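Spelled out, the chains give:
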Amino acid sequence: MARPLPKHHDQIDQESFMCGIAGVARIDGGGLGPEASGLLAAIADELAHRGPDDRELVVDGPVGLAFTRLSLVDPATGGQPLVSDDGHLVLIANGEVYNHRELAAGLPGVRLRGGSDCEVLLHLYRQHGLQFLDQVRGMFGLILWDRQRGHLVLARDRFGIKPLYYHRNPERIILASEIKALFRDPATPRQLDWERTLTTPLLPAAPYLSAKPLTTWFEDVKSVAAGTIQRIDLRDGSTEVHQYWTFPGESAEVPATTDEFVTAYRELLYESVRECATADAELGLFLSGGIDSAAVAALAAQQHPGLHTFSVLSASTYRNEDAENAHHIAAKLGLPNHQVLFDDCRVPEPDEWKRLVWLLETPLCGPEVYYKHELHRYAKQARPELRGMLLGAASDEFNGGYSEDVSGGGGWSGFLNNLQGMARADALASRPDLSAWWLSDGPALVTDEVVRRFAGRTLTDPYPAYLAWEYSKLQQYNVWHEDRTAAGSGIEARVPFLDHRLVELVAAVPAGLRRDLLWNKRILREAVRGLLPDRSVERPKVPFFYGDGVKHTYRVFARMLEGDGGALIEEALAAPGAAEFLDGAALRGVLAGMTAQPDSPQLEIALRAVNVGLLAGMAAAPPAPISTRPVLSILRSVEVSGWETQRPQLESLVGLRPAMPGTLVPRLTDNVMLLAATDGDWFVSIDGSLEFTLEAQDTRMLPLLRAIDGTRSIADLTEQLGRTSDDMYADMLELLESNVITMQAAADPLP
């Protein structure tokens, strides 16, 4: 049942932390009917995983509010809504205001009655109106009801870290932290927006510098824009939109030298981590082994000496050394490190994957999202009192983390040239008749003046467009999935690198200093030099599970899609609209080729297409709330005392050292041929394409491949070639992982 509005804010919780917020309001001058209480209760049920400890429902006149809470201090009295002492302002907010004490100190005559960090927002709004968020630092989605003026105010933080969605018709607006909660309203459409979905460049990984508005994926569902305030007059529905921050945002006086930039960055990063690591409840940290999470760990450890860190241990992260580096960093900082095991047998079941896709509400759900969701699940199982997770996310986007990848091996000039090409491709999307000039094999014979004059876009300096693109991607993918993967386990994700002052600083780096500061995250590396070992400071960027071991991860998800006769694919193709927009034969064909080429990036694109269909089907018939779904399997971590001494054990656990009986008979895979060249070299052909070259003087792999005839066992080959068992094992494993050979029969293992 909805309760009466409290007289004033009497909350004493010191942190808002993660929660779910929702509201329904008449925008035609009328009042809510008796059905509003039941609707709010149903919405609160859907948001229960975001705040499993408590809920508050309020209905008063034209406005109803729902709040689900993850409690930190005194669950008996903490909570929201927050109400001003005169009763004119009512607020529910998801997130945190980091500088609330500083803001309160600047409000003359104001004394905060409670301990909530969001209470200051009531006073700021009363004094500054739509400018009330100008000086606020934090992450938040909020609904503020100005009862005296009859206004409903909606807002989100500068990066959209905290979500807030809505559906609006001429009579009313309904709002919630997650889209699935809106579907509890019978008046909200439940259809996938196929046109917006299929034209979102991020879905097929289109290489355009396209900063499109956020796609919610569903028809008539919108998102309050990041850095924006909407004020709705409930008497007539008229709406005023105020953008209080724009990317890259206003910055203070720009430093003159690289050293001054590094110093300024260091000071801001220290302060941001300190603010994000301030909490009364237990925090954890995802430690990937890269510079970003390592920097956050080193700084946060100063406040939380026993901070628990969590890392992915899989065949992929073992191969790219992420897991090993995470172990060493944690040991150096004296922090507990949980190496959460993902062996080659851990393949998500179809129902498990559907649950994750529905939790995420986005087709951009892939291996990275799965790993992070599972890390949160493990962290909650291992540390039940844990409430927040520090992340190293969003450093790459603005600190030059992708510069080497974008350069294609061409250094800084290659990076800038490729940015120019991406900006040009986006500009020419509206003029395909001009694109041919740049699509030929030779150099373009016209200048970018053609683009400026005939496509209306200036490409003088594409770097600002690149940053705007990263800002757009960040909202569509990064902060979206970080919020949901954490919320699914009742945890709040905290992102120190998304302090707007940090982003404004790096966005203000002048062109002449970008190479020195923003190539391969040099500004961050120099800022934390001395805080971390040089090994960690200078370690090249490794994108999570990608690299030499990516095939191990992709193989897991290929098995998932193959499972139960391709059940996920068939369910996706049976969804409303799927037959019209998805090519079923092509999708099945991609799946059929995944086993032969397990490292193809096409797997993730195909998986996104499957997710689109799954979302369309689940929207039409929404599943039960996440919080009421069956508990998933128990996860386990590996105790690592010494990485070097435990290598054989770790390789065995992640599936990199499978048992290989000596009587197994290797043979070339059906699509593989061994071809001799006239100069004595040999080639390995896979599906008609020359994949590997074996030089004539090769005394290891070439003799082995020539000796494999499909009849001799591993033991026979070992003896014939005069090899040791360990050497033969390593070579056979490499050939198996490359899909060059397969095995038949088995008996006694190699010694």
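A quick note: this is a predicted structure, and the numbers were derived from the prediction, not measured.

1. A short note on the overall build of the protein
(1) Moving on: Scanning the protein from N- to C-terminus turns up 29 helices and 23 strands.
(2) Moving on: Relative to the globule expectation of 27 Å for 751 residues, the C-alpha radius of gyration of the protein, 28 Å, shows essentially globular dimensions.
(3) Moving on: For the protein, the spread of C-alpha atoms along the three principal axes comes to 90 × 60 × 55 Å.
(4) Moving on: For the protein, with 751 residues in total, the buried portion stands at 57%.
(5) Moving on: Here the analysis covers contacts within the protein between residues at least 6 apart in sequence; of these, 73% occur between residues at least 24 apart.
(6) Moving on: For the protein, the accessible surface area stands at approximately 29800 Å², while carbon and sulfur atoms represent 51% of it.

2. Concerning the state of the cysteines
(1) Moving on: Here the structure, examined in full by the defined rule, presents zero disulfides.
(2) Moving on: Lacking any disulfide linkage, C118 is separated from the closest cysteine sulfur, that of C19, by 7.8 Å.
(3) Moving on: On the basis of relative accessible area, C118 is assigned to the buried category, the value being 0%.
(4) Moving on: Looking at the unpaired C276, the closest cysteine sulfur is the one in C118, lying at 14 Å.
(5) Moving on: The class for C276 is buried, based on a relative accessible area of 2%.

3. A few points about a nonpolar patch on the surface
(1) Moving on: There is a patch of nonpolar side chains on the surface, built from M673, L675 and L690 and spanning about 280 Å² of accessible area.
(2) Moving on: For L690, the position within the fold is in strand β22 (residues 689-694).

4. Side note on the pattern of salt bridges
As a working rule, side chains carrying opposite charge can pair if their charged atoms are close by.
(1) Moving on: Across all of its chains, the model carries 56 salt bridges by this definition.
(2) Moving on: Among the salt bridges present, the one from E571 reaches K354, with a minimum N-O distance of 2.7 Å. Of this pair, E571 sits in helix α22 (residues 550-573) while K354 sits in helix α10 (residues 350-360), and the two are 217 residues apart along the sequence.
(3) Moving on: On the basis of relative accessible area, K354 is assigned to the buried category, the value being 17%.
(4) Moving on: For D426, the salt bridge goes to R457, with nearest N and O atoms at 2.9 Å.

5. Focus: the pairing of strand β15 (residues 337-342)
(1) Moving on: With respect to burial, β15 is a largely interior element, five of its six residues being buried.
(2) Moving on: The sheet contact formed by strand β14 (residues 308-314) and β15 spans six bridges and is parallel. Within β15, the residue paired with S314 across the bridge is F342.
(3) Moving on: Taken together, the two bridges between β15 and strand β18 (residues 637-638) define a ladder with antiparallel strand orientation. Following the sheet pairing, Q339 is matched in β18 by V638.

6. A closer look at the pairing of β14
(1) Moving on: Within β14, seven of the seven residues are buried, which leaves it mostly tucked inside the rest of the structure.
(2) Moving on: What you see with β14 is no split at all: H308, F310, V312 and S314 on one side and T309, S311 and L313 on the other are buried throughout.
(3) Moving on: Two strands pair when backbone bridges link them, and strand β13 (residues 282-286) and β14 are joined in this way by three bridges, in the parallel orientation. Paired with L285 across the strands is T309, a residue of β14.

7. Observations regarding the sheet that holds strand β9 (residues 172-176)
(1) Moving on: Across the sheet, six strands lie side by side as β2-β3-β1-β9-β8-β10; this open sheet has antiparallel pairing. Edge positions in the sheet fall to β2 (54-60) and β10 (222-223), since each has one partner strand and no second.
(2) Moving on: Looking at chain direction, strand β1 (residues 19-26) and β9 are connected through five bridges and run antiparallel. Note that in β9 the partner of R26 across the bridge is R172.

8. Some remarks on the confidence of the model for the protein
(1) Moving on: When pLDDT is averaged along the protein, the result is 90; 94% of the residues meet or exceed 70.
(2) Moving on: The low-confidence segment residues 72-78, where pLDDT is below 50, has 16 contacts with residues more than four positions distant or belonging to other chains.
(3) Moving on: Confidence drops under pLDDT 50 across residues 747-751; counting only partners more than four residues distant or on other chains, this segment forms 15 contacts.

9. Some words on the nonpolar core
(1) Moving on: Counting 184 residues, the largest nonpolar core has L133, L142, Y265, W353 and F398 as its most contacted members.
(2) Moving on: Residues within four places of L142 in sequence aside, it is in contact with I21, L91, I92, A93, L121, F132, L133, V153, L154, A155 and L164.
(3) Moving on: Judged by nonpolar contacts, the second largest core, of 22 residues, contains L704, L717, Y729 and L733.

10. Concerning the environment of L591
(1) Moving on: Within the secondary structure, L591 is located in helix α24 (residues 584-594).
(2) Moving on: Distance in space between the C-alpha atoms of L591 and G566 is 8.7 Å, their sequence separation being 25 residues.

11. Notes on helix α18 (residues 500-507)
(1) Moving on: For α18, the tally of buried residues reaches eight of eight residues, placing the bulk of the element in the interior.
(2) Moving on: Of the residues making up α18, those classed as buried are H500, R501, L502, V503, E504, L505, V506 and A507.
(3) Moving on: Residues of α18 that are buried in the fold lie against α6 (258-276), α12 (396-399), α17 (463-487), α19 (511-518) and α20 (522-527).

12. Some remarks on the packing of α10 against α22
(1) Moving on: The interhelical angle for the contact between α10 and α22, taken along N-to-C directions, is 80°, at an axis separation of 9 Å. Viewed along their axes, α10 and α22 adopt a mutual orientation that is roughly perpendicular. Of the residues in α22, those in contact with P350, W353 and K354 of α10 are F557, M560, L568 and E571.
(2) Moving on: Here the residues of the contact of α10 with α22 sort into five nonpolar, no polar and two charged.

13. Brief notes about unusual backbone geometry
(1) Moving on: A cis amide bond links F247 with the next residue in sequence, P248, at an omega value of 5°.
(2) Moving on: The residue P248 is located in the loop between β12 (239-243) and α6 in this model.
(3) Moving on: Here W217, not a glycine, exhibits a phi torsion of approximately 80°, which is positive.
(4) Moving on: Within the secondary structure, W217 is located in the loop between α5 (194-198) and β10.
(5) Moving on: Given a relative accessible area of 1%, W217 falls into the buried group.
(6) Moving on: Its identity as a non-glycine residue notwithstanding, D220 has a phi of 60°, on the positive side.
(7) Moving on: Checked against the element boundaries, D220 lands in the loop between α5 and β10.
(8) Moving on: D220 sits in the partly exposed class, given a relative accessible area of 49%.

14. Brief notes about the sheet that holds strand β17 (residues 492-494)
(1) Moving on: Strand order across the open sheet formed by six strands is β17-β16-β13-β14-β15-β18, with mixed pairing between neighbours. Bordering the open sheet on either side are β17 and β18, each of which pairs with just one other strand.
(2) Moving on: Where strand β16 (residues 386-390) meets β17, three bridges bridge the pair, whose relative direction is parallel. Paired with L390 across the two strands is R494, which belongs to β17.

15. With respect to the environment of R235
(1) Moving on: With respect to the helices and strands, R235 occurs in the loop between β11 (228-233) and β12.
(2) Moving on: By relative accessible area, which is 55% here, R235 ends up exposed.
(3) Moving on: Apart from the residues lying within four places of it in its own chain, the contact partners of R235 are I27, D28, G29, R149, G150 and H151.

How each quantity is defined
- Residues numbered from 1 in each chain as written.
- Predicted model: local features only at pLDDT ≥ 70, side-chain atom pairs only at ≥ 80, totals over all residues.
- Heavy atoms only, no water.
- Helix = DSSP H or I, 4+ residues; strand = E, 2+ residues; numbered from the N terminus.
- Rg over C-alpha atoms; globule rule 2.2 N^0.38 Å.
- Buried < 20%, exposed > 50% of the residue type's maximum accessible area, 1.4 Å probe, protein only.
- Contact = heavy atoms within 4.5 Å.
- Areas by Shrake-Rupley, 256 points an atom, 1.4 Å probe, with all protein chains shown as cover.
- Disulfide = S-S within 2.5 Å.
- Patch = residues over 30% accessible without salt bridge, like charges linked within 9 Å, V, L, I, M, F, W, Y side chains within 5 Å.
- Salt bridge = Lys/Arg side-chain N within 4 Å of Asp/Glu carboxyl O.
- Pairing = 2+ DSSP bridges.
- pLDDT = per-residue confidence, 0-100.
- Core = buried A, V, L, I, M, F, W, Y, C linked by side-chain atoms within 4.5 Å.
- Axes fitted to C-alpha atoms, helices over the stretch in contact; angles between N-to-C directions.
- Parallel < 35°, antiparallel > 145°, perpendicular 65-115°, else oblique.
- Nonpolar A, V, L, I, M, F, W, Y, C, P; charged D, E, K, R; others polar.

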